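A look at the structure
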Amino acid sequence: MTEHKKKVPVAGQADLSTANPTREQAEEAVRTLIRWAGDDPDREGLIDTPSRVARAYEEFFAGYQDDPSDILRRTFEETDGYDEMVLLRDIRLESHCEHHMVPIIGKAHVAYLPGNRVVGISKLARVVEIYSRRLQIQEKLTAQIANCIQEELHPRGVAVVIEAAHQCMTTRGVRKPGVTMVTSRMLGAFRDDPTTRREFMALISSPATGLANH
Ligand SMILES: [Zn+2]
């Protein structure tokens, strides 16, 4: 987790409140947590765990290094008059809750009504991925995805629905497995036009077609 941080610590003058921790410090922090949990970080099975955890964090939190707006700036303007809803549904979503740093696993549905710009659908999935790979709460994640699409594409409307299970709720605390949280953010026509909103809700709740399995 070094490339994207702007502050570079000065040797011998590290101010822990602002300095960018080194890989070594991150691994030492994992060793501390292992000891705190009651185990021995020097035993054989755990000896490489701190470096594995650091590498896993680089993946889990890779989203801090990317700007989702950049992804959407490469748009296709020639729509041949296509002005109906574009919907990407059942996008796999993996994030981490910012309160407990444990996984949030679910799916996202993203739709927009093009103005005069459309974007490759893989780009919408990338936007979901970039915001997901940060410490999040589901409400903020949902709003960030919708707002980013609104600001970059200027569509006539954006809808984002996320359904997800929070491991901080399923494996600890109140321990309620099977519970999912649903959040939505509707902008433009999806907020103002009940017909558009209904069409979107019907599309995301209809069973997947056979085509979707291939
Ligand atoms: Zn949590």
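The residue numbers shown here count from 1 along each chain, following its written sequence. Local features in this predicted model are restricted to residues of pLDDT 70 or higher, and side-chain atom pairs are both shown and tallied only at a pLDDT of 80 or more, whereas totals for entire chains, interfaces and linings draw on every residue. Think of the side-chain values as coming from all heavy atoms in the structure, minus any hydrogens and water.

Section: the pairing of strand β4 (residues 157–166)
What counts, and what does not: The rule is simple: take the accessible area with a 1.4 Å probe, protein chains only, and divide by the maximum for that residue type; under 20% is buried, over 50% is exposed, in between is partly exposed. The helix and strand labels rest on DSSP assignments: H or I over at least four residues marks a helix, E over at least two residues marks a strand, and numbering proceeds from the N terminus. Two strands qualify as a pair provided that DSSP identifies no fewer than 2 bridges between them.
Of all ten residues that make up β4, eight are buried, and the element is covered over most of its length. Direction of pairing for strand β2 (residues 103–113) relative to β4: antiparallel, over a ladder of ten bridges. Pairing of isoleucine 104 across the sheet is with histidine 166, part of β4. Bridge count for β4 against strand β5 (residues 181–188) is eight bridges, and the pairing is antiparallel. Looking across to β5, one finds that isoleucine 162 is bridged to threonine 183.

Brief notes about the pattern of salt bridges
Our working definition: Any Lys or Arg side-chain nitrogen located within 4 Å of an Asp or Glu carboxyl oxygen qualifies as a salt bridge.
Per the counting criterion, the structure on display carries 15 salt bridges. For arginine 126, the salt bridge goes to aspartate 66, with nearest N and O atoms at 3.5 Å. Residue arginine 126 is found in helix α4 (residues 121–132), and its partner aspartate 66 is found in the loop between α2 (49–60) and α3 (68–73); the two are separated by 60 residues along the sequence. A residue is classified by how much of its surface remains accessible, and aspartate 66, at 30% relative accessible area, is partly exposed.

As for the confidence of the model for the protein
The test is simple: pLDDT is defined as a per-residue confidence score from the predictor, taking values between 0 and 100.
Taken as a whole, the protein shows an average pLDDT of 88; of its residues, 88% reach a score of 70 or greater. Mean pLDDT across the secondary structure elements of the protein bottoms out at helix α6 (residues 167–170), with 86, and peaks at strand β3 (residues 135–136), with 98.

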